[in-house]
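Okay, here's what each chain looks like letter by letter:
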Amino acid sequence: VGEVLEQMGLSRGSDAFRAQIVLTGGPVHRERGFVIHDGGTRWDSTLAIGDDLWLTTSREILEAMANGDGPEHAVIALGCAGWGAGQLEQE
């Protein structure tokens, strides 16, 4: 996480937060970040994906996490996987 924050120009965050692992979300759009978390829709670009499970793609959530104001539980990933129409059936 520390490397991602540095690339974004954010130097805040506890040592424990900065040491967290960033997962690979997939081979597409590796420069885009995704945060899967609890704690609702306090941030821009947040989408509900389950009961008390949210996906946020905005810089705002990383800033909140670096300040200690983020969600209690979160996973950060870079990149995603995508499929075209009928691709899964063909594979």
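Quick look at the structure, then. Since we're looking at a predicted model, the values are computed, not measured.

### Details of the side chain of histidine 37
Along the chain, histidine 37 falls in strand β2 (residues 28-37). Residue histidine 37 is classed as buried on the basis of its relative accessible area of 1%. In this structure the side chain of histidine 37 is engaged in a polar contact, spanning 2.6 Å, whose partner is the side chain of threonine 56. When sequence neighbours within four positions are dropped, the list of residues in contact with histidine 37 reads Trp43, Thr46, Asp52, Leu53, Trp54, Leu55, Thr56, Ile61, Pro71, His73 and Ala74.

### Focus on helix α3 (residues 59-66)
Because an α-helix completes one turn every 3.6 residues, residues spaced three or four positions apart along the sequence face the same direction. All of the buried residues along α3 are Ile61, Leu62, Ala64, Met65 and Ala66. Elements that come into contact with the buried residues of α3 comprise α1 (2-7), α2 (15-18), β2, β4 (53-56) and β5 (74-80). Glycine 68 sits one or two positions beyond α3 and adopts a positive phi of about 80°.

### Observations concerning the pattern of salt bridges
Side chains that differ in sign of charge can pair as their charged atoms come close. By the definition in use, this model includes two salt bridges. The closest approach of N and O atoms between arginine 18 and glutamate 6, which form a salt bridge, is 2.6 Å. Of this pair, arginine 18 sits in helix α2 while glutamate 6 is found in helix α1, placing the two residues 12 residues apart along the sequence. Arginine 59 is the partner of glutamate 63 in a salt bridge, and the nearest nitrogen-oxygen pair spans 2.8 Å.

Rules used in this analysis
Residues numbered from 1 in each chain as written. Predicted model: local features only at pLDDT ≥ 70, side-chain atom pairs only at ≥ 80, totals over all residues. Heavy atoms only, no water. Helix = DSSP H or I, 4+ residues; strand = E, 2+ residues; numbered from the N terminus. Buried < 20%, exposed > 50% of the residue type's maximum accessible area, 1.4 Å probe, protein only. Polar contact = N/O pair within 3.5 Å; in protein donor to acceptor, adjacent residues only side chain to side chain. Contact = heavy atoms within 4.5 Å. Salt bridge = Lys/Arg side-chain N within 4 Å of Asp/Glu carboxyl O.

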